[in-house]
Every structure is written in structure tokens, then in C-alpha cells.
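This is what each chain is made of:
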Amino acid sequence: MNFKKLLYLLLCFCFISSFAQKEITVSGTVIDATDKIPLEYATISLLSSADKILVTGEITNTKGKFSIDVLPGVYDVKIEYLSYKTITYENKTLESDIDLGTVGLELNLEALDAVEVVAETTTVEIKLDKKIYNIGKDLTTAGGTVGDALNNVPSVTVDIEGAISLRGNENVRILINGRPSALAGFGDSNVLSQLPAEAIERVEVITSPSARYDAEGTAGILNIILRQKETLGFNGSINSNFGDPELVGLATTLNYRTEKFNLFSNLGFRYFDAPRFSNSDANYFDRIVDGETVAPEYDRVREDQNVTRLNRNFNGNIGMEYFLSEKTSLVGSLFYRYGEDADESQNISDRFRDNLFVEQTKRVERQNEEDNRYQIALNYITKFDESGHQLNADFQYEQSNEIQFTNIDENYILTDETNPEPFQIEREFEDEEQTEILVQADYVLPLAEDSRFEAGFRGNFESSITDYRLEQEDLDTGDFIVNDAITNIFEYDENVTAVYSQYGSKFGKFSFLAGLRVENTQLRGKINSRLTDEELLEEFNFPIDTDFDNNFLGLFPTVNLIFNIGEDEKDQEESITLGYNRRINRPRGWFINPFPTRSSRTRIFQGNPNLNPAFSNAFDLGYLKRWETFTLTSSIYYQRESGSFERVEENTGQQTSDGIDIIRVIPINLATNSRTGAELGILYNPAKWLRINSSVNFFRFNTKGDFNGVNYDATNTSWFARFSSKVTLPANIDWQTNANYRGAEQDAQTDREGIFSMDLAFSKEIFKNKATLSLNVRDVFNSRIRRQLTTTEFFNRESESQWRVRQVTLSLIYRFNQQKNRQRERNNSGGDDFDFEG
């Protein structure tokens, strides 16, 4: 055979072989057999019929369609989707292009139950700089608020007045989806009491924040991640609540998704009565004035206050995510909130002289408030590749306007005086406008498989104007005259600009993330009042700068380390973490404004324009161990804060028109505050019908400092603990119990008793698991009452207060088209998800 014939035969063989190996196309559409809705991200697998080895596969697109190229042969074609029954075509001979048509999958109710068990269970993840608590199905917060849900997160406490603490420290930064937000109330955590608890997907407890995060918050950061539906087509839920004290709530979550865009909305209305009470019993001592002893007009004053609070508010959040390409998206959203509050406070005051009851007055305050706020947000993200190389940019514009009118009327009920001078009726008008602009960009560059560099910029610019006017009755004419000594306009700006960079890497079992953040804080304020500096000094007893512009440049390094102890895959769930960070605590506007509140004639709150930011250095050592049904987390921590904020009480040296000493509460910069603590948490899920979650936190702090010649050194040791259990009863009724205890505390002036509370809840899935009916009782024993004793050289005062009484709530949530969740995760935390985790 010559060379030409050999070449000819070889070419013919190659031609025939290539023809024989030509691929064919297998296509089709996967839908829900009942609702006829396309199932996106269903998995189609082609396995060799002989050895059941996977040859190729594909997932469906947004329309449920798939198309797979494969060589001819005999295959098992498997079509599957989470919580649905799998369909398999065995030994199917594929010789040419074939369309399998429309394949309907039916729900697998047993598998669906298994998935729901996971969703109901609270889990914890440990990452380099944070603990992530994936909130399970918490029955006790059904019909409740975000504030209620946070009170069930380990390390977090919410006191009776709604103030949020992290490890016993109230200086915690609240973020929504990784950013400051109007949903969090421009820094006022009380606004979280307006948002439904069902909105939370997870809470990130960030005790050692990386350089990416704002340095604000010496206690750390709570990043609240809200649920975002990524379900095909149109879907949503309706949530209705009814309760006692009076509560009516209705909320909807609606979502519509196509291949190019996703429309989402959250709308809600709440009407509720939130009665509260407080009482106090104060004894006043003699004072030395100019070397002479001055006895108080009344040596004992007892007050009993009851407040009714009718609140009506509407929340709306609408937005659209538009997919510019496979790797780039743009999200725009508008949040709006409107609220109306109508409060009435009745305060009965009993006065004693030489232990004799001599006078009683009744003070009635009627306050109406309107609150308008909105936020416009834009987010742009582009992913350059699948390795994590991406650019993220954000812009937010927020504005709020609060208008408040208060009428104060006090009258004698009885008195030992003859023809006492009546009290003036007072009218307060307050108009507060706040504006905040956020500009942020974050760039992430993977340098190798296990290394990453990141850099970014952030500018946060806040301004507020508070216009306050006080009118007082002219007792001779009955006319109202403006008190221009108290009337004022207070302008306050807080502008923060920052740049940062950080680098992280992983070496076997060891991972680290180190960064540096540079921030400049500008605090600028102006007080417009007719009072001169000398008159202000006489009025407030310390010099006040009425026009200030202060800048504070700070370096904020962070280092976070993690070491995975385990030797094999199962043991990888054991790790040790170590973190260091430097933080700042900036004073808010109400801490700066020197003009006092008038909610009480005898005890006032007064801001301090001389207040400067506080700085802290913190260390955190943590340990996590996870078994199949049991998870243990623990940590010890130390923090030292310089110039820490403390509220102190002192006698102003002034008296009311009827001779009662006026006490003021004022925030000051103390020298130092050192805090040491340890915490322990467990998650135990021994069976499908039983889940247990418990944690305990023990801490000790030491404060040192002086103000106005008074020493405020103090040492305090305290603790708090929580226990939660969830039991599935017969007939698939879930029963949950949450118990909380906050130990006694003390500072330089005040001793506070411990507080115990318990919540109970029951729920039942109805309408083929499309709806949930629940009944919960918060504070079963009506025991969330703060009792404390305050002692100074001028007075001592026993007091107790209850911000919220026992609440019983019946809740019904109906869901539609929410069982077909997409099998893809989104990163909407806005934080550092460097996945070197334990």
C-alpha cells in the first residue's frame, strides 16, 4: 500500500469517526406539576446506564428550560429539585436531538418537612470577624418587632426602654444589610420597634469588625440582614396581627421576578397602644451654699406616672434589581415611613415636709408627634469573574422630619399653702429635620486561591436642625408668651470620611485578615439663642461653646485570626479565633444639645456640647466546637475605652417655682472604662421534636473619672443569661419558651436590681403548610420592671419603671408561591464574607 492510499484511508476514518462522535441535544422544560410554574435551577443529570457515573448535566433557566449537548448513547436522565420528587428516565437511548417536553415535578411532602426543620432551627457560623446567627422560626416574636427578635440573639440584650446592648455595652452600631439605614432610624434603635420580626433572615454579631466596617460603635456592630425573596414569578406573604394591649397590624411582602429584573416590596401598617408606668420616691438633703446650710423646701417627693401611647405607623419599601448582564446588577429602592403618636402622661406628685404630707399636684402632658422619613438607595455590583473579583458601589440619601407638639398643664390637688400661685400652662413646639448622605465603594481582588486584597472609600454626611420653641402662659392675661431664654435653634453636623485596605490569606488550617482604616470625623454645631456666653454659663453651670467645629483624625487597625483544629472533614467544625480592633464612639445630637427637656419639672436631661468622641481598644478570643447535634461557642474579651460616655446626675442649684430642687442628667467624658467578660453559648438539637438554645454572659467593668469636682469611680460585676426551648407537640403544634435574666448592676450613683422575664408561644401550620397561626405571650409574668436606687450627696431616689406591659398576640401569616426557592445564595450582607471560617 503506497503513501497516498494510506493517507486517503486515514482521512476517511477520521471523517467517519468525527461524524459518529457528533453530539446531540437533549432539551425540555421543568415545571411545578400543581401550579404549572417554571422551576428555575432544577438539576438535569445524564448518567451512564452501565455504571451510573455522571456524564454531564445542566440546570434550568428562569423559564424552566434546559438544553444539554451529549454524545449519543444509553443514559439515565435524572430531573430533580429541592423538596420535589425526583423523576428518572432509565436506560433511555439517545441517538438524535430530543425534546423531553414539559416535565412536571410534584412536591415531596416528607422532604419538605425536613427542609422546614432546618429553617426552624437557629444556627451559628463563625467567621474571621463575626458570628452569624441564622434566625430560625422564632414563635415568640411572631407579630413582634425586630427589637423583640434581637432580644433572643446571644450576646445581645434589649432593655425595657428598647435600648440595645452588646455584651452589656449600649454603644453598639446598628446596620441594615451592611449599611446605616433609615430603617434603623438614623441611629435611633427605637425605630426598630416599628419593623416586623419576620423581616429578619439572620443577625451578624460583629465583635471584632474588619477594616471594611465603619469604626463607629465601641461595643461592636449588629448587622441585621433582611429577608429577600428570590422565588420565581409572583410570590409573597400576608401577615396579620391582633393583640392586647390593643394591637392591629397588617404587612405584605410581594415579589415578582423575571430573567432581567426582580421587583420587590414590603408594606406594613401597625396600630398599637403601649402603656407604661413609672414611680419614684426621692429624699432631699441639706446643701451648703456660700458656707451656709440650706434645707430643701420639701425633704421628700413621691411621683407616680402613667402613660398611654397610641402609635400608628406605615412602612413601605419598594425596589427593583435589574440584571445588566450575567455579572452586573443595579438595585434601586425607596423606603418610606409615616408615623403618628398620641401620648398622654399623668403624673401625681406628693410632697412631704418633716415627714408630713403637705401637698399634691397633678401634671398632665399631651404630646402629638408626626414622623416622616424616607430613604433612596442605589447599589451597583459587578463581578469580573467567578473568583470573587468584584466592585461594589452604594449611594444612599435619607431625610426625616419629626414635628412634635406638647401641652403641659399642672394643678394643685391639695396644699397647705393659702392661695398658692398657680402653675403656668406650657406649650412646646419642636421641629427636627435630619439629612444623611452615604457614598461608598468597595473593591475586592483575589490574589491567589486563598488570598485576597480589598480597599474602599466611604463618606457619611449627616446634618440635623432642631427648632425648639417654648410658650408659657401669662397668668394675668391668659396669653402665651415665648420664653426666648429657652427657645433655640440647634444645628449639628457629623461628617465622616474614610479609606481602608485589608489583606487576608489562608495557610492550611490558619487564616488571617488584617487591615487599616483611616477616618476623619468632623463634629460641627451651632446654638442660636438670645443667651450670651455668660448667661449660658450661669444657666448650665459650665462653659459652653455655642459655635464649634472639631475634627478628629483616627487610625483604626484590625487583626483577626482563625485556626481550624480538626484533622479531617468532620473535625473542621472546631476552631479558635483571636481578634483585635480599635473603635470610636461619636456623640449623637441629643447628647450635645444643652437645652434641657421639660418632660419633668424636677428631673431633666441636658446635653453637653463639650462632649468629645471616645476611643477603645478591644481583644476577643473565641472557641467553637460543633458536633452532629450540639454546637458550643465561647469567648473571653477585654476592652479599654478612653473618654467613655457616662450619664451622671447632679443638683443644678436651681429650684422649681414651688421650691423643689431640680436634678439634671448629663452625659460626660470620663477618663477610662475597662471591661472584661466571658460568654458561653450552646445549640442542641437532639431530635426533630426538640431544640434548645442557651447562652450566658459574665462581665466586669471599671470606670474612673471626675466631673465638677465629684469622683465617679466605680466597679461593677454583672451577668445575663437566656434559655430557649422548642418542642413539637402532637398534631404538629410547636411550643416555644424563652426565658431571660439580666443580673443586678451598679455604677458610681445607681444600683439596679436584676430582671427576669419569660415568653411563651404556640403555632400550627394550616392550609397545607401555606399558612401559620400562632399565639404568643411576651413577658408572661409581667416582670420586666426596672428597679433602682440612685444615691448622691444631695438626694437619694428609689424608682421603678415598666416600658412595656405583658403583650398577648395572635398572628396569621399566609404564604403563596414560596416553596420554590431558587438554589442560589446572594451576598446581601454588605460586610466581609471572607470564607475562612470554622
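Above this text sits the structure in question.
Given the structure is predicted, the values throughout are model-derived calculations rather than measurements.

### Section: the overall build of the protein
From N to C terminus, the protein includes 5 helices and 49 strands. By the burial criterion, 50% of the 838 residues in the protein qualify as buried. The contacts of the protein with a sequence gap of at least 6 include a subset with a gap of at least 24, amounting to 68%. Carbon and sulfur atoms provide 55% of the accessible area of the protein, an area that totals close to 38200 Å².

### Details of the layout of surface pockets
Looking at the second largest pocket, its volume works out to about 790 Å³. Glu426, Arg598, Arg601, Thr656 and Ser657 are the residues nearest the centre of the second largest pocket, which is lined by 32 residues in total. A per-class count over the lining of the second largest pocket returns 11 nonpolar, 11 polar and 10 charged.

### Structural notes on the pattern of salt bridges
Where charged atoms of side chains with opposite charge meet at close range, the side chains can pair. The tally for this structure, following the rule as stated, stands at 33 salt bridges. Where Arg469 meets Glu471, a salt bridge forms, and the shortest distance between an N and an O atom there is 3.1 Å. Residue class for Arg469 comes out partly exposed when judged on its relative accessible area of 31%. The class for Glu471 is buried, based on a relative accessible area of 11%. Between Arg787 and Glu800 there is a salt bridge, and its shortest N-O distance comes to 3.0 Å. Placement of the pair is Arg787 in strand β47 (residues 786-791) and Glu800 in strand β48 (residues 795-802), with a sequence separation of 13 residues.

### Focus: the environment of Ser49
Tracing the backbone through its elements, the reader meets Ser49 in the loop between β2 (43-48) and β3 (54-59). The sequence separation of Ser49 and Val77 amounts to 28 residues, and the corresponding C-alpha distance is 9.2 Å. For Ser49, the residues in contact, after removing those within four places along its chain, are Val74, Tyr75, Asp76 and Asn91. At a separation of 3.4 Å, a polar atom in the side chain of Ser49 contacts the side chain of Asn91.

### Structural notes on a nonpolar patch on the surface
On the surface, a nonpolar cluster with roughly 840 Å² of combined accessible area is contributed by Phe234, Tyr256, Leu263, Met320, Tyr322, Leu324, Leu330, Tyr380, Phe384 and Leu391. On the secondary structure map, Leu330 appears in strand β22 (residues 328-353).

### A word on the sheet that holds strand β36 (residues 661-669)
The 3 strands lie next to each other as β32-β36-β35, forming an open sheet whose pairing is mixed. At either end of the open sheet lies a strand with only one pairing partner, and these are β32 (603-605) and β35 (645-655). Sheet twist, expressed as the mean angle between neighbouring strand axes with direction ignored, is 30 degrees. Judged from the 8 bridges that link them, β35 and β36 form a sheet pairing that is antiparallel.

### Some words on the pairing of β2
Here is the key point about a regular strand: its side chains alternate between the two faces of the sheet. Burial analysis of β2 places 5 of its 6 residues in the buried class, which makes it a mostly covered element. Summarising the sheet, β2 and β3 pair through 5 bridges and their orientation is antiparallel. Bridge pairing in β3 places Leu46 opposite Thr56. Hairpin geometry of β2 and β3 is characterised by an intervening segment of 5 residues between the two adjacent antiparallel strands and by a positive phi of about 60 degrees at Lys52. Relative to strand β5 (residues 73-80), β2 is paired through 6 bridges, and the arrangement is antiparallel. Its bridge partner being in β5, Thr43 is matched across the sheet by Glu80.

### Considerations on the pairing of strand β12 (residues 172-176)
Most of β12 is tucked away: 5 of the 5 residues are buried. The side-chain alternation of β12 yields two buried faces, one formed by Val172, Ile174 and Ile176 and the other by Arg173 and Leu175. Pairing of β12 with strand β14 (residues 220-226) involves 5 bridges; the strand directions are parallel. Across the sheet, the residue bridging to Ile174 is Leu222, located in β14.

### Section: the side chain of Gln807
The topology assignment puts Gln807 in strand β49 (residues 807-816). The buried category is assigned to Gln807, whose relative accessible area is 10%. Within polar-contact distance, the side chain of Gln807 engages the backbone oxygen of Asp244 at 3.4 Å. Contact partners of Gln807, with chain neighbours within four places excluded, come to Gly243, Asp244, Pro245, Leu247, Asn776, Val777 and Arg778.

### Quick word on the packing of aromatic side chains
This model, assessed by the stated rule, comprises 19 aromatic pairs. With centroids separated by 6.4 Å and ring planes inclined at 45 degrees, the aromatic side chains of Tyr284 and Phe795 adopt a geometry described as tilted. Of this pair, Tyr284 sits in strand β18 (residues 276-284) while Phe795 sits in strand β48; the two residues are 511 residues apart in sequence, bridging distant segments of the chain. For the pair Tyr284 and Phe795, a shared accessibility class is recorded, and that class is buried. Pairing Phe490 with Tyr492 gives two aromatic rings, centres 6.0 Å apart and planes at 15 degrees, and the pair type is stacked. Relative accessible area serves as the criterion here: at 2%, Phe490 is assigned to the buried category. The structure contains a cluster of three or more aromatic residues connected by ring pairs, namely Tyr503, Phe507, Phe510 and Phe512. Between Arg469 and the ring centre of Phe429, over which it is positioned, the NZ or CZ distance is 4.2 Å.

### Quick word on the sheet that holds β3
Read from one edge to the other, the open sheet built from 4 strands follows the order β3-β2-β5-β6, with strand pairing classed as antiparallel. Only two strands of the sheet have a single partner each, and these edge strands are β3 and β6 (87-94). Across the sheet, the mean angle separating the axes of adjacent strands is 20 degrees when strand polarity is ignored.

### A few points about the nonpolar core
By size, the foremost hydrophobic cluster in this structure holds 19 residues, and its most contacted members are Val26, Val30, Leu39, Ile44, Leu46, Phe66 and Leu105. Secondary structure elements with two or more residues in this core: β1 (24-32), β2, β4 (65-70), β5 and β7 (98-105). Residues in contact with Leu105, not counting those within four places in the same chain, are Val30, Ile31, Asp32, Ala33, Leu39, Ile79, Glu80, Tyr81, Tyr84, Lys85 and Ile87. In terms of nonpolar packing, the next biggest core, distinct from the first, is built from 16 residues, Leu150, Leu166, Ile176 and Leu226 among them.

About the thresholds
Residues numbered from 1 in each chain as written. Predicted model: local features only at pLDDT ≥ 70, side-chain atom pairs only at ≥ 80, totals over all residues. Heavy atoms only, no water. Helix = DSSP H or I, 4+ residues; strand = E, 2+ residues; numbered from the N terminus. Buried < 20%, exposed > 50% of the residue type's maximum accessible area, 1.4 Å probe, protein only. Contact = heavy atoms within 4.5 Å. Areas by Shrake-Rupley, 256 points an atom, 1.4 Å probe, with all protein chains shown as cover. 1 Å grid on protein atoms, 1.4 Å probe; cavity = no way out; pocket = protein on both sides within 12 Å on 5 of 7 lines; lining within 4 Å. Points joined across faces, edges and corners; volume = space filled by probe spheres on them. Nonpolar A, V, L, I, M, F, W, Y, C, P; charged D, E, K, R; others polar. Salt bridge = Lys/Arg side-chain N within 4 Å of Asp/Glu carboxyl O. Polar contact = N/O pair within 3.5 Å; in protein donor to acceptor, adjacent residues only side chain to side chain. Patch = residues over 30% accessible without salt bridge, like charges linked within 9 Å, V, L, I, M, F, W, Y side chains within 5 Å. Pairing = 2+ DSSP bridges. Axes fitted to C-alpha atoms, helices over the stretch in contact; angles between N-to-C directions. Phe/Tyr/Trp six-rings, centres within 6.5 Å; stacked < 30°, edge-to-face > 60°. Lys NZ or Arg CZ within 6 Å of the ring centre and 35° of its normal. Core = buried A, V, L, I, M, F, W, Y, C linked by side-chain atoms within 4.5 Å.

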